[in-house]
Amino acid sequence: MQGANAHSIARTALLRNSDVSLLYPRIRADPRTETFTSLRLKYSGIEPGTNFDDENVYSSAYAVCDVPFETHSLISKGRIKRKRDVSSKLYFFDLLQDGVKLQVVSNFKDVGGDVKEYKKKILSLSIGDIVSLGGYIGKTPTGELSVFATTHIELLAPCLHTPPTNIQDIEKRFQYRHVDLMIRPEATETLRLRADIIQHIRQDFINQSFTEVTTPIIGDAAGGAIAKPFLTEATVYRGRKLALRIAPELWLKRLVVGGMERVFEIGTQFRNEGIDNTHNPEFTTCEFYQAYANLEDLIAFTEHLLFGLATHVQKLKETKYTTLSQLDIDFSIPFKRIEFIPAIEEELGESLPDLSNPEEATAQLLALFERKAITIPTYPTLPRLLDKLSSTYLEPLCTQPTFITHHPECLSPLSKSTLDQRGRRVSTRVELFIRGKELVNAYEEENSPAEQRRKFLDQAKWKNLEESASVGDEKAEQQEKVADEAFVAALEWGLPPTAGWGMGVDRLIMMFSGMERIADVLSFGGLRGVVGQGGQGAGNAPVPAIGESCGVEDGKEVWDGEQVQVWKEVQ
């Protein structure tokens, strides 16, 4: 344990006696600086035992490396993940840089200088510290690609807390997300996979001549969906309630009216509603609108996008993101299809009532719910009853990618309508479900101003009925929902036949990364993690002092017979 005591003494002396400029020095540009990714790409093919400390050795391996000799002297920077001493003059470090690990070999005979100064600097370094060193690249006899240090390992920024081995409490994991990302490779790989998937989607649209746009987040109405918005106020509109958007749909369709006939947006939406494993009040969607496209075009686009994504993600998991689980979903084309009304009738063993008379249909559906012992929704309007039937009978059938098509008209106020084979009014709409969860919602857009106004009013009627039940009849009138007349007026200028498509990006990342919680695919774990950063909750908890516990399971310097200090991987 003498090594551990020596490290503790040297570390304490460093933190207490060093000038701040020494603990946190500036760095200078140096053309010899190489990223770990670049080093691995250039030198992974050299033979074990080879290093580039002299030109003769370089020449013998030139054919393998194919890089100029001048690059053998380099500067490396990274965070210490592991530290091991073989003797008092020979140390091995694992450094981590942007998710890539590289071994550093520090041998006093290569570094030179005063041996006491060498030991003092080495012993003062701790797991989590960010460091810099100069050296040359090579491989150890065991074949480990390494940087062989020729300078002291210099501190760039100390880690003032001992990194934990794990954070068991899920809520604390996101309150200390920066620590979680340090110690769990799957956490960082999930966020990197997210970026790769979004880039793949964006490129797919660009390849098909779509224009990426950004639409307003704050407006005088939320628009585009039924959900409770976040309300705010602007300095220039004092006393006027503004809303954060719940969907970009109406803005995007205005662009199509204006002549931008292929537009898409990947952006954040806000809904002031609950939090669970698949919902967060702030979330990311991807929507596109294409003039002169129909339902079959939407289905084909969805199939090819997801099949291509699945292939791309599979390759990434085999090469870059090896801690993430493999896909177990079959994205072979074509995907299964289920037609809404016929499929429910088949599952029920009886026909649905005539939905063209909402009052009678609602009463008959309530009687059906009683007969079938189905739980009645809190606010049993016709749309909610039909949606409950779908979640009970159809969505469980959608383990593998499955399209549910042609929903009843009352479920799709922004969709064009058509007649099914039995003359019932249904929407030209499709939803994609995977593992029983909705991923994509798409339809042919309603482009008749008169029909859109009628459907808005029907939608408002259902919503007002729900709010009457929740707040009391005397307040219902104050909350009456009206048609979005500004959007209807825009339709009067002529919206070409248009197909629209929306996908929940966070749920897509959950599916491809194998994560069960939406918080795992968000940078800071959703709203609960954001409001509790650093474990402060309401903001009145003290910040831990240097060296004190952060409220997570503290890591420990673990020393074995070889005196190894290691930052444990979480399996």
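Rules of the game
- Residues numbered from 1 in each chain as written.
- Predicted model: local features only at pLDDT ≥ 70, side-chain atom pairs only at ≥ 80, totals over all residues.
- Heavy atoms only, no water.
- Phe/Tyr/Trp six-rings, centres within 6.5 Å; stacked < 30°, edge-to-face > 60°.
- Lys NZ or Arg CZ within 6 Å of the ring centre and 35° of its normal.
- Salt bridge = Lys/Arg side-chain N within 4 Å of Asp/Glu carboxyl O.
- Buried < 20%, exposed > 50% of the residue type's maximum accessible area, 1.4 Å probe, protein only.
- Helix = DSSP H or I, 4+ residues; strand = E, 2+ residues; numbered from the N terminus.
- Polar contact = N/O pair within 3.5 Å; in protein donor to acceptor, adjacent residues only side chain to side chain.
- Core = buried A, V, L, I, M, F, W, Y, C linked by side-chain atoms within 4.5 Å.
- Contact = heavy atoms within 4.5 Å.
- Pairing = 2+ DSSP bridges.

Trainee: In this structure, what is going on with the packing of aromatic side chains? I would like to understand it.
Mentor: For the structure on display, the rule yields 16 aromatic pairs. Ring pairing ties together the aromatic residues Phe205, Phe210, Phe264, Phe288, Phe301 and Trp501, which thus form one cluster. Its end group placed over the ring of Phe92, Arg84 keeps NZ or CZ at 4.7 Å from the ring centre. One Lys or Arg, Arg240, reaches over the ring of Tyr237 and ends 5.3 Å from the middle of that ring.

Trainee: I'm lost on the pattern of salt bridges in this one. Help?
Mentor: Where side chains of opposite charge bring their charged atoms close, a pairing between them can arise. Applying the stated criterion across every chain yields a total of 36 salt bridges. Where Glu186 meets Arg184, a salt bridge forms, and the shortest distance between an N and an O atom there is 3.9 Å. Grouping residues by exposure puts Glu186 and Arg184 together as buried. Across the salt bridge formed by Glu249 and Lys253, the nearest N and O atoms sit 3.0 Å from each other. Residue Glu249 and its partner Lys253 are both found in helix α11 (residues 249–257); the two are separated by four residues, about one turn of the helix. As far as burial versus exposure is concerned, Glu249 and Lys253 are alike and both buried.

Trainee: Which parts of the structure should I look at to understand the side chain of Glu34?
Mentor: Tracing the backbone through its elements, the reader meets Glu34 in the loop between α2 (20–23) and α3 (36–43). Engagement of the side chain of Glu34 in a polar contact is seen with the side chain of Lys42, the distance being 3.0 Å.

Trainee: When you look at the nonpolar core in this model, what are you seeing that I'm missing?
Mentor: If you look at the biggest cluster of nonpolar residues, it comprises 47 residues, and the most contacted ones within it are Ile201, Trp501, Leu508 and Phe512. Taken together, the elements giving at least two residues each to this core come down to α10 (185–207), β11 (262–270), β12 (282–291), α12 (295–319), β17 (429–434), β18 (437–444), β19 (498–504) and α19 (505–513). When residues of this core are assigned to their parent elements, the largest contribution, 10 residues, is made by α12. Not counting chain neighbours up to four residues away, the residues in contact with Trp501 comprise Phe205, Cys286, Glu287, Phe288, Leu298, Phe301, Thr302, Leu305, Val440, Asn441 and Ala442. Of all hydrophobic cores here, the second largest spans 29 residues; its members include Ile46, Leu102, Leu125 and Leu145.

Trainee: Sorry, what's going on with the sheet that holds strand β10 (residues 242–244) here?
Mentor: By definition, the strands of a sheet pair up through backbone hydrogen bonds, in either a parallel or an antiparallel sense. Sheet architecture is open: three strands sit in the order β8-β10-β9, paired in antiparallel fashion. For this open sheet the edge positions go to β8 (218–219) and β9 (231–232), each flanked by a neighbour on one side alone. One ladder, built from two bridges, connects β8 with β10; its direction is antiparallel. Residue pairing for β10: Ile218 is matched across the bridge by Leu244.

Trainee: Help me understand the side chain of Arg173, please; the structure alone is not making it clear to me.
Mentor: Locating Arg173 in the fold gives a position in helix α8 (residues 170–175). The exposure class of Arg173 is buried, given its relative accessible area of 10%. When sequence neighbours within four positions are dropped, the list of residues in contact with Arg173 reads Asn166, Ile167, Asp180, Arg184 and Arg517.

Trainee: Just checking my understanding: could you explain unusual backbone geometry for this structure?
Mentor: A negative phi angle is the norm for most residues apart from glycine, just as the trans form is the norm for most peptide bonds. Of the consecutive residues Ile333 and Pro334, the connecting peptide bond is found in the cis state with omega at 5 degrees. In this structure, Pro334 sits in the loop between α12 and β13 (336–339). We note that Tyr292 has phi near 65 degrees; this positive angle belongs to a residue other than glycine. By relative accessible area, which is 55% here, Tyr292 ends up exposed. One non-glycine residue, Ala373, lies in the positive phi region at around 55 degrees. By the secondary structure assignment, Ala373 is in the loop between α14 (358–372) and α15 (382–394).

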